[in-house]
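Descriptive analysis of the structure
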Amino acid sequence: MTALKTSSPELTGPILTTTQLEQVSRLASSLNQQQAIWVSGYFAGLSQQAPAALLAPDAMLAPGVGSHEAPAAVPGTRLTTILYASETGNSKELAGSLADAAKAEGIEAKVADVADYKVRSLKDEQDLLIVAATHGEGDPPQTALDFFEFLEGRKAPKLPEVRFAVLALGDSTYEHYCSAGRRVDERLAELGAERIAERVDCDVDYEDDAEEWIASIVGQLVASRPESDGAATNGAVAVPAAGGVSTPSAFSKKNPFSAEVIDNLVLTGRGSTKETRHVELSLEDSGLDYQPGDALGVVPQNDPALVSTLIEKLSLDAEAEVTVKKEPASLTDALTGGFEITAATPRFLEHWAELADSAELRALCGTDQAKERTAFLHDHHVLDIIDRFPAPGVEAEQFTAGLRPLQPRLYSIASSLAAAPDEVHLTVSTVRYSLHDLERTGVASGYLAGLTDEDATVPVYVQSNDHFHLPDDDAPILMIGAGTGVAPYRAFMQEREERGADGKSWLFFGERNFRSDFLYQVEWQAMLKNGSLDRLDLAFSRDAAEKVYVQDRLRARGRDVYAWLEEGASVYVCGDATYMAPDVNTALTDLIAEHGGFDEDGAQEYLADMRRNHRYRLDVY
Amino acid sequence: MNPHKETDRSRDRSQPLENLIPDETMKATSNYLRGTIEESLADEVTAGVTETDNKLLKFHGMYQQDDRDIRDERRRQKLEPEYTFMVRLRLPGGVVSPSQWLAIDDLARRYGRDSLRLTTRQTFQYHYVDRQNLKTLLQELRDVLIDTKAACGDDSRGVMSTVNPHLSEVHTQVYEIAKEASDHAVHQTTGYEEIWYQEERPAGEKKAPLKQVASDDKEEPFYGKTYMPRKFKIGFAVPPSNDIDVYSQDLGFIAVAEDGKLKGFNVAVGGGMGRTDRAPETYPRLADVIGYVEADQVIPVVDAVMSVQRDFGDRTNRAHARFKYTVDDKGVDWIKAEIEHRLGYELGPVSPYEFTSNGDPLGWVTGEDGREHCTLFIQNGRLTNKPGSLLLDGMRALAEIHKGTFLCTPNQNVIVADVEPADRPAIEAVMKEHGLGEFGGASALRLNSMACVAFPTCALAMAESERYLPELVTKVEGILDANGLREEPITIRMTGCPNGCARPYIAEIGLTGRAPGKYNLYFGGGFHGERLNKMYLENVGEEAILKALEETLGAYARDREPGERFGDFTIRAGYVAE
Ligand code: SRM
Ligand SMILES: Cc1cc2nc3c(=O)[nH]c(=O)nc-3n(C[C@H](O)[C@H](O)[C@H](O)COP(=O)(O)OP(=O)(O)OC[C@H]3O[C@@H](n4cnc5c(N)ncnc54)[C@H](O)[C@@H]3O)c2cc1C
Ligand SMILES: Cc1cc2nc3c(=O)[nH]c(=O)nc-3n(C[C@H](O)[C@H](O)[C@H](O)COP(=O)(O)O)c2cc1C
Ligand code: SF4
């Protein structure tokens, strides 16, 4: 109650309309303390899985929807979670005994192996009890590495609302005695969590010490039951933060947000013929908001090496002033951030033909030379042209006048805000190729590949993609993607998992080699295991003698695919536009004809009809 | 069952499955080791198999493993571990014909990343085999009459047999018996042929076990549905060589010969190495020699002894399920009586015998039949082609011209056996060409060294072994030279964890892994495997190990008595207790 009152002033301004504010205050004044706690907890809960739930009005009816039961939805109890990090089972066993001891005191605790624990729920915890063993040379157990990496990494949330205690298992004959337990204990405190009890380090004869610790912890929990100290410490009595209700962001394509790179790793394993990266960016404080299916615009910069090569070859002054978007800038800055300087355009060709006074280039500009021109441009980029056709004494401004402005690149978003709040993930295939014995990289993908140091940032904006959003939660979805085309499906499945959507899902994924190129393999395996993904079909084109592609797998599964379509499944196709999309389209037409008993036109009409009803959606590039 | 004996049955096979560990239920419900292996082999989403099927695959002689060098890298990449399979051949006594060698080599090149691994139990292992190649691999092995039955799992493992190069008639007879014992004691489920050879329930004619110990089970007349509580290892030693470390076997046979003819065997029971650090209830144990039997009694004895372990072994705790614990729990006398009861007669008194070494005498020797044999030192049993050492190619070249046999030794070496004197020059030429059998001034300690596989394939490894021992030995050789001990045979054995796959607890110098770069150091093992060693340092790194060796080897060089072995010395000098 008080909580609501005191903080309501913050709620004025842009966040709530005056009418909304009136409604809230009216509600507030009508609530008794318990109700107030419940309601606030309920909103806090909602804010966890916004915007999704806020977009689905029916979600409003039930408390505790989505990512995490709204903590205080049930008044008067604290959420108790017991985590264990175990390799040989001792910690697991102790976590069990701890839970039993708590239960005996009427405290229902959730017990989980940190390996299966959704680290993102950490901030929703209230009483967090951890039993952690140390292995290797003072390392956490294998299965706990992800958890430790998150906890000790920059992505770890502040935990002011959390109370915790740690039991450390170890072996005193090791140099780094119980170091894993010590690390969790120290880190949780660092993140602002409140230590309920001092950590206890147990040697291999841990039984007695552990027993004592369990007893004292349970004692503590009982003593601090909310009944006894009201809801003061109750983590959920915080008013929904502004983040809960999405406000239009100040950032856009014109004014991109400079996002911190929080992770940037190569997904493709050793021996891969590709380099596909997973890039995680932070949207914290950007107010940027997106839906699964949307894309992220990345504003790249050109490779500085290429910039200086060009300047040298043209023997220009790096500081020479040129105009970019009507603004003055140094040549270096202009070529770095203002213009496309890799692939050349027909316009550049014409422009340079004159500057270099080259008959050969002029010839290529002829209207009847389209084919030759394309071929020429394919293997002659700006650098190659100025190299082969010098234009002595050319001015900086003359050169840039022929270039087109540097374009942002789009990348399908591979994450869901519900699963990764304040983050956006990309799946980027680095374009690398060699031309005239010179190694070259794609502008944006190469730029992103280079953003690996701690404080790297990249200018981005959200490009919403309405035609590629998820259908209703209960509708089946068929996701077809090759290579990076799988990115949006990761976002889809994260979203559906968080929302507990019950619609069936089926993924067709294709790449080159199983061992190295099965992008997000372990995540798909986990989803299959927990049932959120119903079916997964794979096509690896370079593992066996005969090449198999997603369209072949579609055909092979034709009967079932058609059955899904008949059940109202939405079909998504993402990735390569040149070959995959058309081939998939043909495969779909064929299987519809075969299993639906249509002639070709009939089948095409069937697909066209799906498209009209937004059940056949493409996002190809 | 023996009516006269009262004994605790609360942890053995007589209990309902729900009172035993899940593994027992797993075996019982596996439809004789079939499980869902076929389905697992077909699962496209992973390169591995389910946990249960992996356990069952062991009975078929293979293990799912992953390249631990890149496990963490792949975890970050959101890729599953790089799963491949280890396949172990069943090769009683380690005898291989040249044509078999060529086939085995060929398969290693096609499916095993050009690597063959000679094991401490006289056979080969393939590593890095992709799941989809397993069937072809096993079918092609079958074409040369080799299978992988029971090479791993809770059953009778590869049967060992002394390969003393002086190949006497006795050795040949003992080998024949060892082979018969292996064929007799392996499981008989036709699931193996169905899965790997794609044979529709073949009518495998079953070996009949000793009546009084047979189970009423059609598919597994001896084992029944739950097989053994744990692995069970049989070995035959022919004195004076104890190369097979007969005291480390669950069931050991020590050949007794009379004027060049095999007469019978002394029977040893309850040996085993495996232990777990800081778990004193687990320990290595040397077998007890309990009596003597006639040569023609080996198979009945195998049935009788195995059935005692089958029926009384602890099935409630795998860490306590080996025969050695059954023997200690029930007492040797009780076990002996139970065996005799099942045999229907009493064992004879132990007949005297003497062992002199558990190592391999390297180089050429002439057998009593005038044929020649050459033992080649293969460091840690690894046959690969590396720049400067083309071992795999070299052995292949030998196999192409050799007319005799190859013998895999229990010390991970190979004997080129049965060479007609006339053929020796040709054989030697090939050896020379490939640097085989040239030990390059290696110390006697190196030639008596063994290391288990450990990283990167072994799932249980805590520290390096095969990849590390050679360099450690190089450093130790410095110490040996400083003390004039280069020619002194001293056994050193290293394992990457306490399981003891290289039988480190009977080495004069034993090293067992605790964590990356950290080992327990043991001293005092008997030179011919008659005595366990004792822990001298716990959980220490290389520096401490070298320091300890410097001190003890130095003292040994100074203070040893004539002919005194290093192991015996470390005890006399009080470095470790007897
Ligand atoms: C290859 C070999 C070591 C070598 O360098 O040659 C080996 C390798 C493995 N042993 Fe062993 N053992 C090997 C001889 C031994 C021996 C020596 C012997 O039998 O003479 C022992 C000690 C004797 C004994 O059994 O007590 C041995 C005791 C173990 C144990 C501990 C058993 C115990 O009762 O505690 C394990 C772990 C287990 O079974 O739980 C084990 C398990 C393993 C496994 C399969 C690891 C696993 O279970 O996942 C290792 C596979 C590593 C790899 O990547 O290849 N291995 N293992 C030997 C194969 C022998 C063969 O051809 O069958
Ligand atoms: C809606 C949408 C979503 C997308 N989603 C993703 C995604 O999720 N992941 C992803 O990786 N990409 C995605 N893309 C593609 C992405 O936007 C970029 O096009 C891609 O990363 C290449 O951009 P770049 O700047 O790195 O390469 P550029 O600098 O644009 O290089 C591409 C150019 O390089 C030249 N080139 C390439 N290879 C050769 C060669 N062998 N010889 C000669 N010249 C060559 C060609 O001129 C080609 O046009 C998406 C695109 C769209 C439109
Ligand atoms: C390979 C290995 C390495 C270990 N390293 C350490 C260590 O560095 N420090 C430590 O305190 N304990 C170490 N231990 C001991 C374990 O932490 C201890 O056995 C604990 O009880 C295991 O708990 P768990 O069964 O939950 O994994 C190690 C244990 C093993 C098997
Ligand atoms: S001793 Fe341990 S590390 Fe070495 S092979 Fe055996 S199980 Fe693996």
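Residues numbered from 1 in each chain as written. Chains lettered and ligands numbered in written order. Predicted model: local features only at pLDDT ≥ 70, side-chain atom pairs only at ≥ 80, totals over all residues. Heavy atoms only, no water.

**Thoughts on the confidence of the model for chain A**
Test applied: pLDDT measures how confident the predictor is about each residue, on a scale from 0 to 100. Note on contacts: a residue pair qualifies if any of its non-hydrogen atoms lie within 4.5 Å across the two residues.
Across chain A, pLDDT averages 86, with 84% of residues at or above 70. pLDDT under 50 marks residues 1-14 of chain A. Its contacts with residues more than four places away, or in other chains, come to 15 contacts.

**Digging into the site of ligand 3**
Worth spelling out the cut-off: Working definition: residue near molecule or strand if any one of its non-hydrogen atoms lies within 4 Å of it. In the analysis that follows, any N or O atom pair within 3.5 Å is treated as a polar contact, provided that within protein one partner can donate a hydrogen and the other can accept it, and provided that, for residues neighboring in sequence, both atoms belong to side chains. The Shrake-Rupley method, run with a 1.4 Å probe, gives the accessible areas here. Residue values count only the displayed protein chains as cover.
Among the 21 residues in the neighbourhood of ligand 3, the closest are listed as S86, T88, S91, T134 and H135 of chain A. Each of chains A and B places residues near ligand 3. Side-chain polar atom of S91 of chain A to an oxygen atom of ligand 3: 2.6 Å apart, as the coordinates give it. At a separation of 2.9 Å, a nitrogen atom of ligand 3 approaches a polar backbone atom of G136 of chain A. In isolation ligand 3 offers 640 Å² of accessible surface; the protein chains occlude 91% of this area.

**Let's talk about the pairing of strand β20 (residues 509-515) of chain B**
Residue and element names in this part refer to chain B. The condition that has to hold: The buried label applies to any residue whose accessible area, calculated with a 1.4 Å probe on protein chains only, is under 20% of its type's maximum; exposed applies above 50%, and partly exposed to all values in between. Strands here are runs of E lasting at least two residues and helices are runs of H or I lasting at least four, both read from the DSSP assignment and numbered beginning at the N terminus. For two strands to count as paired, DSSP must find a minimum of two bridges between them.
Extensive coverage of β20 is indicated by the burial of seven of its seven residues. Bridging between β20 and strand β21 (residues 518-523) involves six bridges; their strand directions are antiparallel. When the bridges of β21 are listed, T512 appears paired with N520. The turn joining β20 and β21, which pair antiparallel and follow one another in sequence, is formed by two residues; a positive phi near 80 degrees is taken by G517.

**Let's talk about the environment of L134 of chain B**
Residues and elements named next belong to chain B. Within the secondary structure layout, L134 lies in helix α6 (residues 134-143). Taking C-alpha positions, L134 is 9.1 Å from L41, a pair spaced 93 residues apart along the chain. Ignoring sequence-local partners within four residues, the contact set of L134 consists of L41, M62, F85, V87, V129 and W196.

**Regarding the pairing of strand β8 (residues 251-258) of chain B**
Consecutive side chains of a regular strand alternate in pointing toward one face of the sheet and then the other. Residues and elements named next belong to chain B. Within β8, six of the eight residues are buried, which leaves the element mostly enclosed by the surrounding structure. As defined by bridge partners, strand β7 (residues 234-237) adjoins β8 across four bridges and the pair is classed as parallel. Within the sheet, the bridge partner assigned to A237 lies in β8 and is I254. Two elements, β8 and strand β9 (residues 261-269), share eight bridges in a ladder whose sense is antiparallel. Considered in β9, the bridge of F253 is made with V267. Turn length for the β8-β9 hairpin, with the two strands adjacent in sequence and antiparallel, is two residues, and the turn residue D259 shows positive phi of about 25 degrees.

**Comments concerning the side chain of S241 of chain B**
Residue and element names in this part refer to chain B. In this structure, S241 sits in the loop between β7 and β8. Residue classification places S241 among the buried positions, given a relative accessible area of 11%. Polar contacts involving the side chain of S241 include one to the main-chain amide nitrogen of D243, which spans 3.1 Å. Look past the residues within four positions of S241 in its chain and what remains in contact with it is T162, N164, F355 and S357.

**Quick word on helix α13 (residues 424-433) of chain B**
All names here are of chain B. What counts here: By arc we mean the arc of the directions from the helix axis to the C-beta atoms, nothing more.
Residues of α13 that are buried: I427, V430 and M431. The buried residues of α13 all sit within an arc of 100 degrees when viewed along its axis, so they share a single face. Exposed residues lying more than 90 degrees from the buried face of α13 are K432 and E433. Two residues or fewer past α13, G435 is found with a positive phi of approximately 60 degrees.

**Here we look at the site of ligand 1**
Residue and element names in this part refer to chain B. We apply this condition: Under the scheme applied, nonpolar residues are Ala, Val, Leu, Ile, Met, Phe, Trp, Tyr, Cys and Pro; charged residues are Asp, Glu, Lys and Arg; polar residues are all the others, including Gly.
Around ligand 1 lies a shell of 29 residues, among which T119, M273, T457, C501 and R503 are the nearest. A distance of 2.6 Å separates an oxygen atom of ligand 1 from a polar atom in the side chain of T119. Between ligand 1 and G274, the relevant distance is 3.4 Å, taken from an oxygen atom to a main-chain nitrogen or oxygen of the residue. Contributing elements (two or more residues each) for the shell around ligand 1: β1 (62-66), β2 (83-88) and β5 (124-129). Residue classes in the shell around ligand 1 are distributed as nine nonpolar, 12 polar and eight charged.

**Some details on the packing of aromatic side chains**
Worth spelling out the cut-off: Between 30 and 60 degrees the pair is tilted, below 30 it is stacked and above 60 it is edge-to-face, where a pair is any two Phe, Tyr or Trp rings, Trp via its six-membered ring, whose centres lie within 6.5 Å. Note on criteria: charge over ring means Lys NZ or Arg CZ within 6 Å of the ring centre, with the direction from the centre no more than 35 degrees off the ring normal.
For the coordinates displayed, the defined rule picks out 43 aromatic pairs over all chains. When the centroid spacing of 5.7 Å and the interplanar angle of 45 degrees are considered together, the rings of F232 of chain B and F323 of chain B count as tilted. Of this pair, F232 of chain B sits in the loop between α8 (191-197) and β7 while F323 of chain B is found in helix α10 (residues 323-330), placing the two residues 91 residues apart along the sequence. We classify F232 of chain B as buried; its relative accessible area is 0%. You can call F323 of chain B buried: its relative accessible area is 0%. We note K504 of chain A situated over the ring of W564 of chain A; from NZ or CZ to the ring centre the distance is 4.2 Å. Across the ring face of F222 of chain B, the terminal group of R310 of chain B is positioned such that the distance to the ring centre comes to 4.6 Å.

**A few points about the state of the cysteines**
Basically, it comes down to this: Cysteine sulfurs are considered disulfide-paired once they come within 2.5 Å of each other.
Tallying each qualifying case throughout the model produces zero disulfides over all chains. No disulfide involves C408 of chain B; its sulfur sits 15 Å from that of C374 of chain B, the nearest cysteine.

**As for the pattern of salt bridges**
Pairs may arise between side chains of opposite charge once their charged atoms sit close together. Short version of the rule: Think of a salt bridge as a Lys or Arg side-chain nitrogen and an Asp or Glu carboxyl oxygen that are within 4 Å of each other.
According to the stated counting rule, one finds 105 salt bridges over all chains in the structure shown. Ionic pairing is found between K504 of chain A and E567 of chain A, a salt bridge with its closest N-O pair at 2.9 Å. Of this pair, K504 of chain A sits in the loop between α18 (487-499) and β18 (505-511) while E567 of chain A is found in the loop between α22 (558-566) and β20 (570-575), placing the two residues 63 residues apart along the sequence. K504 of chain A gets classed as partly exposed once you look at its relative accessible area, which sits at 28%. On the basis of relative accessible area, E567 of chain A is assigned to the partly exposed category, the value being 46%. In this structure, E466 of chain B and R382 of chain B form a salt bridge, with 2.6 Å as the shortest nitrogen-oxygen distance. Note that E466 of chain B is positioned in the loop between β18 (449-451) and α15 (469-482) and R382 of chain B in strand β13 (residues 382-383), a separation of 84 residues in sequence.

**Here's the deal with the nonpolar core**
Going by this rule: Nonpolar core, defined: a set of buried Ala, Val, Leu, Ile, Met, Phe, Trp, Tyr and Cys residues in which side-chain atoms within 4.5 Å join the residues together.
Core analysis: the biggest nonpolar cluster contains 97 residues, and F124, Y126, W196, F236, F253, F265 and L398 of chain B have the highest contact counts within it. For this core, the element with the most residues is helix α9 (residues 298-312) of chain B, which contributes nine residues. Those residues in contact with F124 of chain B that lie beyond four places of it in its chain are V87, R88, L89, L91, V96, W101, I104, L116, R117, L118, T119 and C408 of chain B. Membership of the second largest hydrophobic core comes to 35 residues, among which are A344, A353, I385 and F399 of chain A.

**Focus: the sheet that holds strand β13 (residues 423-429) of chain A**
All names here are of chain A. Test applied: Throughout, an axis means a line fitted to C-alpha atoms (over the contacting stretch in the case of helices), and angles, computed between N-to-C directions, take values from 0 to 180 degrees.
The strand order β12-β9-β16-β7-β8-β13 describes an open sheet built from six strands, whose pairing is antiparallel. Where the open sheet ends on each side, the last strands, each with one partner, are β12 (409-412) and β13. Adjacent strand axes in the sheet meet at a mean angle of 40 degrees, parallel and antiparallel pairs treated alike. Here helix α17 (residues 443-450) sits on the sheet in contact with β7 (257-266), β8 (276-282), β9 (295-298), β12, β13 and β16 (457-463), set at roughly 65 degrees to β12.

**Some details on the coordination of the iron atom of ligand 1**
Note the cut-off: Coordinating donors are taken to be N, O and S atoms lying within 2.8 Å of the metal, or within 3.2 Å when the metal is Na, K or Ca; because water is excluded from the atom set, some sites may appear incomplete.
Of the protein atoms, C501 of chain B (SG) alone serves as a donor to the iron atom of ligand 1, at 2.2 Å. One can find C501 of chain B in the loop between β19 (492-495) and β20.

**Section: the interface of chain B and chain A**
To keep things clear, this is the line we draw: Two parts placed together each lose some accessible area; with a 1.4 Å probe, that loss summed over both constitutes the buried area.
Counting from both sides, the interface comprises 26 residues of chain B and, opposite them, 34 residues of chain A. Summed over both sides, the interface of chain B with chain A buries roughly 2600 Å², with 45% coming from carbon and sulfur. On the chain B side of the interface with chain A, the three residues burying the most area are V45, K78 and R278 of chain B, jointly 28% of the side's total. Our count for the chain B to chain A interface comes out at 11 salt bridges. In this structure, R514 of chain B and D171 of chain A form a salt bridge, with 3.3 Å as the shortest nitrogen-oxygen distance. Taken together, the links from chain B to chain A amount to 20 residue pairs in polar contact (both at pLDDT 80 or more).

**Focus: unusual backbone geometry**
Trans peptide bonds make up most of the peptide bonds, and negative phi angles are found at most residues other than glycine. Residue and element names in this part refer to chain B. With an omega of 5 degrees, the peptide bond between P239 and P240 qualifies as cis. Checked against the element boundaries, P240 lands in the loop between β7 and β8. Of note, the bond from F455 into P456 is cis; its omega dihedral lies within 30 degrees of zero at 5 degrees. Within the secondary structure layout, P456 lies in the loop between β18 and α15. The backbone of Q122 shows a phi angle near 65 degrees, a positive value even though the residue is not glycine. Assignment of secondary structure puts Q122 in the loop between β4 (116-118) and β5.

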